[in-house]
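# Per-entry structural report
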Amino acid sequence: MEVESAVNTLLRYFDAVRSEEQDDSCLRLLAGEVRGRFKGVELKSVFQPLFPGRAGQSIAHEALLRATDREGQPLQPADVFGFPSCPEEMLFLDRLCRVVHAGNFVRQALPGDLFLNIEGRHLLAASNHGQTFESLLKVCGLTPERIVLEILEARIDDLERLQEAVAGYRSRGYRVAIDDFGCEHSNFDRLWRLNPDIIKLDRSLMLQAEANPRVRRVLPKLVEIIHELGALAVCEGIENRTQHDLAVDAGADWLQGFFYARPAAELWRQPVRDAGAQQFFEAEPEWAFT
């Protein structure tokens with residue numbers, strides 16, 4: 001991809017739809033890195049790899065947002081998504097973040113898929129789900145088939161609208177992942193109705209399985225039910241060898257967590273021949289990076 005040319009093309013789109021209150025330069029290329037800007041907040045990308053259940057080369061990366069305010073102080077993504085004052089601004093910010101991630105992913109020219117988090121309010125406000133983003137992806141050199149959209153379904157009460165959005169995205173070739181399943185009000189009835197491609201188990205389940213033998217026995221059955229739904233099971237938030245072994249023994253298809261790799265601006269390029277032998281990096285808890 002000719003990054004500079006793509007950024008200029010994408011900038012014309014965002015310039016055409018931004019409000020007068022938003023920054024003049026909402027998308028730029030700095031030292032080869034694509035960055036966004038929204039109401040004085042700088043938006044950057046980091047990526048965390050996902051590995052197959054028995055280790056090996058990374059097969060996908062999840063893009064995570066890093067944001068700083070005008071003084072250079074870090075902001076949590078939840079705080080950034082509190083800035084939009086109307087549905088139109090929410091759509092703008094959500095698409096801008098995903099375009100920043102897509103640009104930074106493609107410029108590194110590695111195979112594999114890209115996981116992108118999608119704001120729940122975007123799903124409720126948008127129409128023709130995935131059509132506009134598909135056009136933006138094309139400028140970056142990506143197709144929907146390489147994109148997995150992560151949705152926190154437990155935060156969305158309007159199940160019919162959510163079903164409509166999921167079906168719309170899947171009809172265009174995107175895959176859909178339900179994120180953090182097992183927390184808050186997640187339930188299998190919603191999964192049956194949404195028919196996702198991938199289900200990411202909340203990290204709290206790994207913590208409970210590590211400490212509680214009953215949860216440890218239930219975890220393989222949970223993965224089995226996910227497979228019966230026709231979906232892949234991802235165990236995320238894995239932080240040590242014990243959790244890794246529990247996830248593998250449970251039959252998880254993909255693995256993700258600090259035990260394997262921390263989020264970084266550069267994509268993961270090294271194969272993990274024995275994931276269990278990788279050094280566990282002491283770092284902030286995963287919630288600080290989502």
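Residues numbered from 1 in each chain as written. Predicted model: local features only at pLDDT ≥ 70, side-chain atom pairs only at ≥ 80, totals over all residues. Heavy atoms only, no water.

### Quick notes on empty space enclosed by the protein
- In this structure the tally under the stated criterion is 2 cavities of 30 Å³ or more.
- Together, 12 residues line the largest cavity, and Arg95, His122, His129, Gly130 and Tyr169 are the ones closest to its centre.
- Among the elements of the structure, helix 3 (87-106) and helix 5 (131-140) are those that each provide at least two residues to the lining of the largest cavity.
- Here the element with the most residues in the lining of the largest cavity is helix 5; it accounts for 3 residues. (1 Å grid on protein atoms, 1.4 Å probe; cavity = no way out; pocket = protein on both sides within 12 Å on 5 of 7 lines; lining within 4 Å. Points joined across faces, edges and corners; volume = space filled by probe spheres on them. Helix = DSSP H or I, 4+ residues; strand = E, 2+ residues; numbered from the N terminus.)

### Re the pairing of strand 8 (residues 175-181)
- Here strand 8 lies mainly inside the structure; 6 of its 7 residues are buried.
- As paired strands, strand 8 and strand 9 (residues 198-201) are joined by 3 bridges and run parallel to one another. Bridge assignment links Ala177 to a residue of strand 9, and that residue is Ile198. (Buried < 20%, exposed > 50% of the residue type's maximum accessible area, 1.4 Å probe, protein only. Pairing = 2+ DSSP bridges.)

### Focus: the environment of Leu27
- The residue Leu27 is located in strand 1 (residues 27-30) in this model.
- Separated by 12 residues in sequence, Leu27 and Asp15 have C-alpha atoms that sit 9.2 Å apart.
- Once residues lying within four places of it in the same chain are set aside, the contact partners of Leu27 are Val7, Leu10, Leu11, Phe14, Val34, Arg35, Gly36, Leu96, Val99 and Val100. (Contact = heavy atoms within 4.5 Å.)

### Side note on a negative patch on the surface
- Side chains of Asp157, Asp158, Glu160 and Glu164 sit close together on the surface and give a patch of like negative charge.
- Within the secondary structure, Asp157 is located in the loop between strand 7 (147-151) and helix 6 (159-171).
- In this structure Asp157 comes out as exposed when scored by relative accessible area, which is 75%. (Patch = residues over 30% accessible without salt bridge, like charges linked within 9 Å, V, L, I, M, F, W, Y side chains within 5 Å. Areas by Shrake-Rupley, 256 points an atom, 1.4 Å probe, with all protein chains shown as cover. Salt bridge = Lys/Arg side-chain N within 4 Å of Asp/Glu carboxyl O. Lys, Arg positive; Asp, Glu negative; His and termini not counted. Charge placed at Lys NZ, Arg CZ, Asp CG, Glu CD.)

### Focus on the packing of aromatic side chains
- Enumeration over the complete set of coordinates arrives at 10 aromatic pairs.
- Where Phe47 meets Phe105, the ring centres are 6.3 Å apart and the plane angle is 50°; that geometry is what we call tilted. Separated by 58 residues along the polypeptide, Phe47 in strand 3 (residues 41-52) and Phe105 in helix 3 bring together distant segments of the chain.
- Assessed through its relative accessible area of 1%, Phe47 is described here as buried.
- Seen from their ring centres, Phe259 and Tyr260 are 5.3 Å apart, and the 70° between their planes marks the pair as edge-to-face. (Phe/Tyr/Trp six-rings, centres within 6.5 Å; stacked < 30°, edge-to-face > 60°.)

### Description of the nonpolar core
- Leu27, Leu43, Leu96, Leu114 and Leu201 are the most contacted members of the largest nonpolar core, which totals 78 residues.
- Considering every element that reaches this core, the biggest residue donor is helix 3, with 10 residues.
- Here Leu43 is in contact with Arg35, Gly36, Arg37, Phe38, Leu65, Arg66, Ala67, Val80, Leu93, Leu96, Cys97 and Val100, once residues within four sequence places are set aside.
- Listed in part, the 8 residues of the second largest apolar core include Ala60, Val148, Ala177 and Val234. (Core = buried A, V, L, I, M, F, W, Y, C linked by side-chain atoms within 4.5 Å.)

### A look at the packing of helix 3 against helix 5
- The interhelical angle for the contact between helix 3 and helix 5, taken along N-to-C directions, is 25°, at an axis separation of 10 Å. What the angle tells us is that helix 3 and helix 5 run roughly parallel. The hand of the helix 3/helix 5 crossing is right-handed. Here Arg95, Arg98, Val99, Ala102, Gly103 and Val106 of helix 3 lie close against helix 5, whose contacting residues are Thr132, Phe133, Leu136, Leu137 and Cys140.
- A per-class count over the contact of helix 3 with helix 5 returns 7 nonpolar, 2 polar and 2 charged. (Axes fitted to C-alpha atoms, helices over the stretch in contact; angles between N-to-C directions. Parallel < 35°, antiparallel > 145°, perpendicular 65-115°, else oblique. Left-handed = near helix turned anticlockwise from the far one by under 90°. Nonpolar A, V, L, I, M, F, W, Y, C, P; charged D, E, K, R; others polar.)

### Quick word on the confidence of the model for the protein
- Averaged over every residue, the pLDDT of the protein is 85; residues scoring 70 or more account for 87%.
- Mean pLDDT values over the elements of the protein span from 72, in helix 4 (residues 120-125), up to 97, in strand 4 (residues 60-68). (pLDDT = per-residue confidence, 0-100.)

### Remarks on the environment of Glu71
- Relative to the assigned elements, Glu71 resides in the loop between strand 4 and strand 5 (74-75).
- Expressed as a C-alpha distance, the spacing of Glu71 and Gly40, which sit 31 residues apart in the sequence, is 9.5 Å.

### Some details on helix 5
- Of the residues making up helix 5, those classed as buried are Phe133, Leu136, Leu137 and Cys140. Buried residues of helix 5, seen end-on, are gathered within an arc of 105° and therefore sit on one face of the element.
- Those residues of helix 5 that are buried lie in contact with helix 1 (3-17), helix 3, strand 6 (113-117) and strand 7. (Arc of directions from axis to C-beta.)

### Things to note about helix 8 (residues 203-211)
- For helix 8, the set of buried residues is Arg203, Leu205, Met206 and Ala209. Viewed along the axis of helix 8, the buried residues span an arc of 155°, placing them on a single side of the element.
- Elements that come into contact with the buried residues of helix 8 comprise strand 8, strand 9, helix 9 (213-228), strand 10 (232-235) and helix 10 (241-250).

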